[in-house]
Amino acid sequence: MYILYSLRLAIQSVWHEKWINLLSVLTIAAGLFMITLTFFSVYNMDLATKKLPEKFSMMLYLNNDLSEQEVGNIMSTLKKNIAVERARYISKDKALEELKGVLKNADYVLEGINENPLPASIEVKLRQESVSISKVKKLAADIRKIKGIEEVEYGEQFLNSIHSIKAGAQTLGLLMISVMSTGVIFVCYSTVKIMFYRRKEEIETFKLLGATRGFIRAPFVIEGGILGIGGGVVSLIGTMALYYTLFYKLALTMPIFKIIVFPSEVFIALPFVGLALGVSGAVIALGRIRFS
Amino acid sequence: MIHFTNVSKIYENHAALRDITFSIEKGEMAFITGPSGAGKSTLLKIIYLSEKPDEGSVTIAEWELSKLKESSIPFLRRNIGVVFQDFRLLDNRNVFDNIAMALRIRGMTEYEVKERVMEVLKTVNLRHKADSFPKTLSGGEQQRVVIARAIVGEPTVLLADEPTGNLDADTAAGITRMFKEINAKGTTVLVATHNKELFRNTGRRVLKIDNGTIVGEEMG
């Protein structure tokens, strides 16, 4: 029953100390806004790197003297591999034709070459989930063991770079989110601590009348929650305003902004994240209440 | 109801209570008297667990205080109504809310709270002051609000620390009458005072304390 009374006390306190609370809400909102921006940056970077495997392929160069039967065997072995999405055989003639297509007007460089110097090859596209450094390395090693494969080529350097960028962005993002979350908790902690000291005499009287720890803590925890939710809602409004005014309008003139994705789940989560951080700050601020 | 056995309380180099032993029976009304600094307030503070004794044992009803868990302290305090020397009224709350606080901490519904507070305000003749704030009341009225807050939870023990401190003789007599009425309903009452007028001709037990020691006992 005392929860209702605690809620009333918390609302009264929020209103009574409205300026300090408003300042806290705005600070929390700024922190949550930064967290959201960091999250969106990492999310979009992750999304962008997830699309890269679609363009990733391995080139398997074949020995010159392979029969059609042997090529067919290699193709069926590859297609049976769970990591392989599809495999395309490129004969020597097809390879030369494709090269000429690439060179276009500069095909004079091939004049004077009597014999086709290009080897037959197989282009292998991998399944998205198989495009990781370890899996590609293992697959390349397995393929090299297949009889008739002269050489295996893939963008190892490219794959390493993508992995490093992704891991770096994730680590930096996580670090930023942790620092900002700690900041938000600290703001709630400080505000509740100030409120607690301002009402110290009142709390002492509560204790002497027989109030339990729960009764004493509840209004402050609720107050921390209100500040957190307030900050969450303000940052939600800020994020939506940024999304609709900046990105939506800019995308009309600069289509590059169209590729930026804002997951709507994050919008809804913001007040709840604020609530959780606010309550955590309040709980830490109150610590252990002693009766004697 | 209240049993002190060889209780001592020492603050740094100064002993506030020394080897105190006494008992107050259930339903009794008694007084503790002595000069300022004799140890009266410390003795009451030990009963409502604001202070812990350094030596000896204290039992309130079936509660042995030294064995009491900290989390149980609030529940013991709900059985002890205290009239504090410094009133401890909250200036930002009106009379009704100051008294209601003692019931709200018990988790009572607002309906029950209203019923009980209005009833107790009638007992102390302050029903018309329910919406007033403590600072607008006289000393005697404030004292009656404190008594109302102390008895609204129907405690088994009522402690009063210098309840007539700054009150005129007539108001003080009224407060004493009020304690007698509360006691007549079965509540054990212990009043700490240096005002001899308060217990003169009451026919109640008076414990004399001086320099932290009980120096005598007489009937008022």
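Check the entry above for the structure.
Residues numbered from 1 in each chain as written. Chains lettered and ligands numbered in written order. Predicted model: local features only at pLDDT ≥ 70, side-chain atom pairs only at ≥ 80, totals over all residues. Heavy atoms only, no water.

This part is about the overall build of chain A. The helix and strand tally for chain A stands at nine helices and four strands. Mapped in sequence order, the helices and strands of chain A form the string α-α-β-α-β-α-β-α-β-α-α-α-α. Taken over C-alpha atoms, the radius of gyration comes to 31 Å for chain A, far larger than the 19 Å a tight globule of 292 residues would show. The buried share among the 292 residues of chain A stands at 39%. Once local pairs closer than 6 in sequence are excluded, the contacts in chain A between residues at least 24 apart make up 84%. As presented, chain A carries roughly 16900 Å² of accessible surface, and 64% of it is formed by carbon and sulfur atoms. The positive charge centre, built from 33 side chains, and the negative charge centre, built from 25, are 14 Å apart in chain A. (Helix = DSSP H or I, 4+ residues; strand = E, 2+ residues; numbered from the N terminus. Rg over C-alpha atoms; globule rule 2.2 N^0.38 Å. Buried < 20%, exposed > 50% of the residue type's maximum accessible area, 1.4 Å probe, protein only. Contact = heavy atoms within 4.5 Å. Areas by Shrake-Rupley, 256 points an atom, 1.4 Å probe, with all protein chains shown as cover. Lys, Arg positive; Asp, Glu negative; His and termini not counted. Charge placed at Lys NZ, Arg CZ, Asp CG, Glu CD.)

At the interface, 23 residues of chain A touch 27 residues of chain B. In this assembly, chain A packs against chain B so that about 2200 Å² is buried in total across both faces, 59% of it on carbon and sulfur atoms. Across the contact surface, chain A and chain B share two salt bridges. R93 of chain B serves as the salt-bridge partner of E202 of chain A, at 3.1 Å between the closest nitrogen and oxygen. Run the count over chain A and chain B and you get three residue pairs in polar contact (both at pLDDT 80 or more). (Buried area = accessible area lost by both parts, 1.4 Å probe. Salt bridge = Lys/Arg side-chain N within 4 Å of Asp/Glu carboxyl O. Polar contact = N/O pair within 3.5 Å; in protein donor to acceptor, adjacent residues only side chain to side chain.)

With that settled, consider the sheet that holds strand β3 (residues 29-33) of chain B. All names here are of chain B. Within the open sheet, the six strands sit side by side as β6-β7-β8-β3-β9-β10. Their pairing is mixed. Pairing within the sheet leaves two strands with one partner each, and these edge strands are β6 (80-83) and β10 (213-219). Adjacent strand axes in the sheet meet at a mean angle of 20°, parallel and antiparallel pairs treated alike. The pairing of β3 with strand β8 (residues 188-193) spans five bridges and is parallel. Note on β8: the bridge partner recorded for T33 is T193. (Pairing = 2+ DSSP bridges. Axes fitted to C-alpha atoms, helices over the stretch in contact; angles between N-to-C directions.)

All names here are of chain A. For the structure on display, the rule yields 11 aromatic pairs over all chains. Ring centres 5.9 Å apart and planes at 25° place the aromatic pair F39 and Y43 in the stacked group. In this pair, F39 and Y43 are both assigned in helix α2 (residues 18-51), four residues apart and thus about one turn of the helix distant. Taking the centre distance of 4.9 Å and the plane angle of 65° together, the rings of Y243 and Y244 count as edge-to-face. (Phe/Tyr/Trp six-rings, centres within 6.5 Å; stacked < 30°, edge-to-face > 60°.)

Residues and elements named next belong to chain B. Relative to the helices and strands, Q142 resides in helix α5 (residues 139-151). The exposure class of Q142 is buried, given its relative accessible area of 17%. Among the polar contacts made by the side chain of Q142, one reaches the main-chain carbonyl oxygen of P134 at a distance of 3.1 Å. Among the polar contacts listed, one links the side chain of Q142 to the backbone oxygen of L137, at a separation of 3.3 Å. Setting aside residues no more than four positions away along its own chain, Q142 makes contact with F87, L89, P134 and L137.

It is worth spelling out the nonpolar core at this point. Residue and element names in this part refer to chain B. Of all hydrophobic cores here, the largest spans 53 residues; its most connected members are I2, F4, L43, I47, I80, L159 and L190. Aside from chain neighbours lying at most four places away, what touches L190 is I2, I24, A30, I32, L43, L44, I47, L158, L159 and A160. V145, I147, V152 and I182 belong to the second largest nonpolar core, which has 40 residues in total. (Core = buried A, V, L, I, M, F, W, Y, C linked by side-chain atoms within 4.5 Å.)

Throughout the structure, instances matching the rule amount to 20 salt bridges over all chains. When the shortest N-O distance is used, the salt bridge between R199 of chain A and E223 of chain A registers 3.9 Å. On the criterion of sequence distance, the pair formed by R199 of chain A in the loop between α6 (156-198) and α7 (200-209) and E223 of chain A in helix α8 (residues 213-253) is long-range, its members being 24 residues apart. Grouping residues by exposure puts R199 of chain A and E223 of chain A together as buried. Each of R199, E202 and E223 of chain A together with R93 of chain B takes part in a single network of salt bridges with overlapping partners.

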